Each structure stands twice: as structure tokens, then as C-alpha cells.
Amino acid sequence: IALFAQMAKELLERFGYLNIEITAGDGTLGWPQEAPFDRIIITAATVRIPEPLVEQLKEGGRLVMPLGDSFSQALTLGVKEGNQLNLRKICDCVFVPLVGKYGSRG
């Protein structure tokens, strides 16, 4: 994973993108050192939103991710209000499973 992160960093720099931070690790844990976030986008599916990501989202922040099992998912928008997310389905979709401590196969 760290090798892919380094390759991505080098490629972005080659194209002139110098203000992007890259990290590698268990995405279900978020990035607490850089929190809170205005927006979080998850591009892998699980049946429930990992709690660390909700905790790292700013009040009024938005999270977009696919929710569901392996074959039936809904791309979902969550807006943080208080300590919870108000969820709204955007559309049906199918993504790869989210892995990690709070993922589908954690």
C-alpha cells in the first residue's frame, strides 16, 4: 500500500499538484491527525458507515459512500447534524467491498 501511495504522490507532483496530502493505511479508521473534514468520500461498500469517519466529519459536513451488501448497494449522502448523519439515497450502485477494522470483512 505504501508503494502505491508513493507512486501516486510522484505522479501528482509530476502534473503540478503540490498541495495534496497522501496517506496509506486502514481507510475505515479515517485520518484523525488531519480531522475534522468538510467532506469524506468512500469508494468501497459496507453495510454501515464506520464510526471513526462520522466522528472525523465536521458539523454540517458531508459523507458520500455506497451502503449495502456485495450485490445491492445504494450510493448514500450523509450530512452530519449533531453526532449523527442524516442519510439520503442518491442512486443504486455496486462497488467493491470496504475492508479494514470497520469494513465488510474487518
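Use the structure listed above.
Every residue gets a number counted from 1 within its own chain, in the order that chain's sequence is written. Residue-level local features of this predicted model are given only where pLDDT is at least 70; pairs of side-chain atoms are given and counted only at 80 or more, and the full residue set underlies all totals for whole chains, interfaces and linings. As a rule here, side-chain values come from all non-hydrogen atoms in the structure, and water together with hydrogens is ignored.

**Notes on a nonpolar patch on the surface**
So the rule is basically this: Like charges within 9 Å and nonpolar side chains (Val, Leu, Ile, Met, Phe, Trp, Tyr) within 5 Å are joined into patches, using only residues over 30% in relative accessible area that form no salt bridge. Note that accessible areas follow from Shrake-Rupley with a 1.4 Å probe, and for residues the cover is restricted to the protein chains shown. What makes a salt bridge here is a side-chain nitrogen of Lys or Arg within 4 Å of a carboxyl oxygen of Asp or Glu, nothing more. Helix and strand labels come from DSSP, where a helix needs a run of H or I of at least four residues and a strand needs a run of E of at least two; each type is numbered from the N terminus.
Among the surface-exposed residues, Leu 11, Phe 15, Tyr 17, Ile 20 and Ile 22 lie close enough to one another that they form a single nonpolar patch of about 480 Å² accessible area. Relative to the helices and strands, Phe 15 is located in the loop between α1 (2–14) and β1 (37–41).

**Remarks on the environment of Lys 58**
In plain terms, the rule: Think of it in three bands: with a 1.4 Å probe and only protein chains considered, a residue is buried below 20% of the maximum accessible area for its type, exposed above 50%, and partly exposed in between. Pairs of N or O atoms are called polar contacts if they sit within 3.5 Å, as long as, within protein, a hydrogen donor faces a hydrogen acceptor (for residues adjacent in sequence, only side-chain-to-side-chain pairs).
Among the secondary structure elements, Lys 58 is positioned in strand β2 (residues 57–68). The partly exposed category is assigned to Lys 58, whose relative accessible area is 33%. Between the C-alpha atoms of Lys 58 and Val 96, which are 38 residues apart in sequence, the distance is 27 Å. Side chain to side chain, Lys 58 and Asp 38 meet in a polar contact 3.1 Å long.

**Some words on the pairing of β2**
This is how the line gets drawn: Here, strands pair whenever DSSP counts at least two bridges between them.
Judged from the 4 bridges that link them, β1 and β2 form a sheet pairing that is parallel. Looking across to β2, one finds that Phe 37 is bridged to Leu 57. Between β2 and strand β3 (residues 73–81), which follow one another and run antiparallel, lie 4 residues.

**A short note on the pattern of salt bridges**
In total, this model carries 3 salt bridges according to the counting rule given. One salt bridge in this structure joins Asp 38 and Lys 58, with 3.1 Å as the shortest N-O distance. Placement of the pair is Asp 38 in strand β1 and Lys 58 in strand β2, with a sequence separation of 20 residues.

**Some remarks on the pairing of β3**
Each regular strand shows side chains that alternate between the opposite faces of the sheet. Of all 9 residues making up β3, 8 are buried, and the element is well covered by its neighbours. Where β2 lies against β3, 7 bridges are found, and the strand directions are antiparallel. Considered in β3, the bridge of Met 65 is made with Thr 76. Pairing geometry for β3 and strand β4 (residues 84–93), over 9 bridges, is antiparallel. Each bridged residue has a counterpart across the sheet, and for Gln 73 the counterpart in β4 is Cys 93. What sits between the antiparallel neighbours β3 and β4 is a turn of 2 residues, in which Gly 82 has the positive phi angle 70°.

**Describing the sheet that holds β2**
Paired through backbone hydrogen bonds, the strands of a sheet run either parallel or antiparallel to each other. What counts here: In this analysis, axes come from line fits to C-alpha atoms, helices being fitted only over the stretch in contact, and the angle between any two N-to-C directions falls in the range 0 to 180 degrees.
Within the open sheet, the 4 strands sit side by side as β1-β2-β3-β4. Their pairing is mixed. Of all the strands in the sheet, just β1 and β4 have a single pairing partner and so form its edges. Strand after strand, the sheet turns through a mean of 15° between neighbouring axes, direction not considered.

Such coordinate-based values are descriptive only and should not be taken to indicate function.
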